[in-house]
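# Observations on chain architecture
Residues per chain are reported as follows:
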Amino acid sequence: MKSHRLGRRRKKGGSRLPVAPWIVITLVCVLVASGLTWGFMTLLRSGCSGSVYRVTVAAAPSIAAAVDDAAQEWEATQPEVEGECVGVEVQEVSAAAASRGILGVWDQKSLGPPPIAWVPDSQAWASWVGSSEATAGYVSSDPVVLGQATSVLAVPESTADALGWLGGQPPSWADVLDAALAGDVDLAAANPRTSTEGLVAMLNATSDGEGGFSEEALASYTAAIEAGSVADDASEQLAAYAESGEAGQVFTTLGYQVDNFNATSGMEEQLVPVTPSGSSVAAVATYLVLGGTSWVSESDASIAGRFGSFLAGAVADGSFSAIELTPAEDGAAALAQATPEAVGQAVRSWQEGRQDLNVLFLVDRSSRMGEETTDYGGESDVSVADAAIRMAVDMVEDMESTSRAGLWEFGVGADGDANWRAVTDQAEMSDGNREALRNDLWAVSENEEYEGTSPLYGALEAAYGYMGEHAADGSVNVVVVLTNNVEDTASPPTVGETAETLASMAGAATVYTVGFGDANADNLALLAEATGGAYVEAPSEGGVLEAIGAP
């Protein structure tokens, strides 16, 4: 609104401009209205003053927007603590990543500030966190149920029709697994460790029918998806299907993911959602206040609890809504679908058969690596130095997001007096960390190689000692050496002495040596076998993870 200049304004010649009465009345009304508005807003804000103190809420991407809308509505009511305005800041964090951060070390670089409250898109994640005595108190015992999504199989309509899965009694999970093992369908499963759709599908497939867990059913489920495929999440599987259009696939998804795919894929044949009979676990989204962790104070938890009460009221009166969720008619029954005991047993059994990797790449950057060529990725005459980097990048791409990796390079004088240099610290392969490691590998490839022979022995001893100190519990801890070393004349120990040292340190990690070109296979095998590992001749098409037998 433009300001009004009151008083007199003179025209040329000094004559006055008469002011019409209606203008005066309008101005007075505007000023009065402005004063009332100012007074009303002042009254609204009289309860607290200054900047708003907000606590962090980590919410799954599918529901974060709805929670953020509710957070803004709550903040508009001017909640306060001792005269200070309070609120919540909602940040998107996948439920899988949040559960790992709560159980282990919260990675602020990739996940943001540690949360005071958590909104997983399935209560099963909270059950997993609370499934051990040590972490049972990390999540509140009185979560707010926000809604739920159905766990389904997404099936091409023609495939579902051919199998008789449409229009009648739906198949049981046993029927689905039998069809997958018989080769009638390919079960494209999302990973239970990295996705909600994968976790909930696995819980349904491995249920004993009485709210518990069946080892026998897990064995069948594992065999079925090994005959098919596993990806980090359904979106990865569905994207591949959209490109190939290959019929006969069955995808583990949530109901809204099927709707989203049909609406955006542009494919003529629709996917139909099939809910196997006996499925008892849905993806129940909840709001939980954290406790027992080192970063949650009593005052912050109190603020998060007040927002939880606001959310509970919004759910009760129907004002809270998320398009991906349907209301849960009985909140207590919804929460009882995935108990900590059943989820803990299922996830631990799954983990025992599918361990994560913790890899340290030890890449030779001595001058000989740039002088020799090899075939890689369908190209000939690729320098060994470039082939080693490309192989490491391919391995990083193949690793699951729950695995960890880091990077060292070695060459004479790589780090002043030391002949090796730490480039990238060990970190979980989140999207951000995976990209950072890829970038670091490409950056290393752009540098000149180090002059002199390959100081492998000393570098390997140092790397192996580092991995012993940074071994990840429950993971396969591996040092992968990429080299064309023939004989190390730059390190004080001999190959035999190095092997003896490695053998005396063995236990926490395993060494796999990958040899390019004219590499001394005998020496590299001796070093690897001292730790229980093996020598691998560098494959020309990648696939090193499979070659070393890593899960």
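To start, this report covers the structure provided alongside it.

## Quick notes on the overall build of the chain
Helix and strand counts for the chain stand at 21 helices and 19 strands. Counting across all 551 residues of the chain, residues that qualify as buried make up 49%. Of the contacts made within the chain by residues no fewer than 6 positions apart, 77% connect residues no fewer than 24 positions apart. For the chain, the accessible area works out to roughly 25700 Å², and carbon and sulfur atoms hold 49% of it.

## Here's the deal with the pattern of salt bridges
This structure, assessed with the given rule, holds eight salt bridges. Close ionic contact of Glu379 with Arg390 constitutes a salt bridge, the shortest N to O distance being 3.6 Å. Here Arg390 lies in helix α16 (residues 384-398) and Glu379 lies in strand β14 (residues 379-383), a separation of 11 residues in the sequence. Under the relative-accessibility criterion, Glu379 is labelled partly exposed at 44%. Residue Arg390 is classed as partly exposed on the basis of its relative accessible area, which comes to 21%. Note that Glu409 is salt-bridged to Arg421, the shortest N-O span being 2.9 Å. Of this pair, Glu409 sits in strand β15 (residues 404-415) while Arg421 is found in strand β16 (residues 418-428), placing the two residues 12 residues apart along the sequence. Judged by relative accessible area, which is 2%, Glu409 ranks as buried. Owing to a relative accessible area of 26%, Arg421 belongs among the partly exposed residues under this scheme.

## Comments concerning empty space enclosed by the protein
Within this structure, the stated rule accounts for three cavities of 30 Å³ or more. Reported here for the largest cavity is a volume of approximately 110 Å³. Contributing to the lining of the largest cavity are 14 residues, with Leu203, Gly211, Gly212, Val281 and Ala342 lying nearest its centre. In terms of residue count, the dominant contributor to the lining of the largest cavity is helix α14 (residues 340-353) (three residues). Classifying every residue of the lining of the largest cavity gives seven nonpolar, seven polar and no charged. By volume, the second largest cavity is sized at about 40 Å³. The wall of the second largest cavity is formed by Ser122, Gln123, Ala124, Val281, Ala282, Val284, Ala334, Leu335, Gln337 and Ala338. For the lining of the second largest cavity, the elements supplying multiple residues, two or more each, are α5 (123-129) and α13 (331-335).

## A word on helix α2 (residues 61-75)
When the terminal C-alpha atoms of α2 are compared, their 21 Å separation across 15 residues agrees well with the 21 Å that a helix rising 1.5 Å per residue should span. The complete set of buried residues in α2 reads Ser62, Ile63, Ala64, Ala66, Val67, Ala70, Ala71, Trp74 and Glu75.

## As for the packing of helix α7 (residues 173-181) against helix α9 (residues 215-227)
Two elements in contact, α7 and α9, have axes separated by 9 Å at closest approach and are oriented at 40°. In terms of their interaxial angle, α7 and α9 are classed as oblique. Here α7 runs over α9; the crossing is left-handed. Contacts between α7 and α9 involve Trp173, Leu177, Ala180 and Leu181 from the former and Ala217, Ser220, Tyr221, Ala223 and Ala224 from the latter. Here the residues of the contact of α7 with α9 sort into eight nonpolar, one polar and no charged.

## Details of the sheet that holds strand β18 (residues 510-515)
The mixed open sheet is built from six strands, whose spatial order is β16-β15-β12-β17-β18-β19. Every other strand in the sheet has two partners, leaving β16 and β19 (534-537) as the edge strands with one partner each. Going across the sheet, the axis of each strand differs from the next one's by a mean of 20°, ignoring polarity. Relative to β19, β18 runs parallel, the two sharing four bridges. In the strand pairing of β19, Val514 is matched with Val536.

## Brief notes about helix α8 (residues 196-205)
For an α-helix the count is 3.6 residues per turn, leaving residues at separations of three or four pointing the same way. Among the 10 residues that make up α8, 10 are buried, leaving the element largely enclosed by the rest of the structure. For α8, the full list of buried residues reads Thr196, Glu197, Gly198, Leu199, Val200, Ala201, Met202, Leu203, Asn204 and Ala205. Sitting at the amino-terminal end of α8 is Ser195, which places a side-chain oxygen 3.0 Å from the backbone nitrogen of Gly198.

## Overview of the packing of aromatic side chains
Tallying each qualifying case throughout the model produces nine aromatic pairs. Relative to Phe307, the ring of Trp74 has its centre 5.4 Å away and its plane inclined at 45°; by these criteria the two rings are tilted. Of this pair, Trp74 sits in helix α2 while Phe307 sits in helix α12 (residues 298-317), and the two are 233 residues apart along the sequence. An aromatic cluster is defined as three or more aromatic residues linked by ring pairs; in this entry it consists of Trp74, Tyr287, Phe307 and Phe310.

## Observations concerning the pairing of strand β1 (residues 49-59)
Pairing of β1 with strand β3 (residues 84-92), which is carried by eight bridges, proceeds in the parallel orientation. Among the inter-strand pairings, Ala58 is bridged to a residue of β3, identified as Gln91. With three bridges connecting them, β1 and strand β4 (residues 117-119) associate as parallel partners. Its bridge partner lying in β4, Ala59 is registered against Val119.

## Details of the sheet that holds strand β2 (residues 80-81)
Strand order across the open sheet formed by six strands is β2-β3-β1-β4-β11-β5, with mixed pairing between neighbours. What marks the edges here is a single partner per strand, and that holds for β2 and β5 (144-149). Alignment of β4 against strand β11 (residues 283-289), held across two bridges, turns out to be antiparallel. In the sheet register, Ala117 faces β11, and the bridge partner there is Val289.

## Things to note about the nonpolar core
Of all hydrophobic cores here, the largest spans 87 residues; its most connected members are Ile63, Trp118, Leu146, Tyr221 and Tyr287. Per-element tally for this core: the top contributor is α2, with seven residues. Contacts of Tyr287, omitting those with residues within four sequence positions, involve Val57, Ala117, Trp118, Val119, Pro143, Val144, Leu146, Ala304, Phe307, Gly308 and Leu311. Membership of the second largest hydrophobic core comes to 33 residues, among which are Val382, Val384, Met399 and Leu482.

Parameters and conventions
Residues numbered from 1 in each chain as written. Predicted model: local features only at pLDDT ≥ 70, side-chain atom pairs only at ≥ 80, totals over all residues. Heavy atoms only, no water. Helix = DSSP H or I, 4+ residues; strand = E, 2+ residues; numbered from the N terminus. Buried < 20%, exposed > 50% of the residue type's maximum accessible area, 1.4 Å probe, protein only. Contact = heavy atoms within 4.5 Å. Areas by Shrake-Rupley, 256 points an atom, 1.4 Å probe, with all protein chains shown as cover. Salt bridge = Lys/Arg side-chain N within 4 Å of Asp/Glu carboxyl O. 1 Å grid on protein atoms, 1.4 Å probe; cavity = no way out; pocket = protein on both sides within 12 Å on 5 of 7 lines; lining within 4 Å. Points joined across faces, edges and corners; volume = space filled by probe spheres on them. Nonpolar A, V, L, I, M, F, W, Y, C, P; charged D, E, K, R; others polar. Expected span 1.5 Å × (residues − 1). Axes fitted to C-alpha atoms, helices over the stretch in contact; angles between N-to-C directions. Parallel < 35°, antiparallel > 145°, perpendicular 65-115°, else oblique. Left-handed = near helix turned anticlockwise from the far one by under 90°. Pairing = 2+ DSSP bridges. Polar contact = N/O pair within 3.5 Å; in protein donor to acceptor, adjacent residues only side chain to side chain. Phe/Tyr/Trp six-rings, centres within 6.5 Å; stacked < 30°, edge-to-face > 60°. Core = buried A, V, L, I, M, F, W, Y, C linked by side-chain atoms within 4.5 Å.

As far as function goes, none of this settles anything; it's purely spatial.
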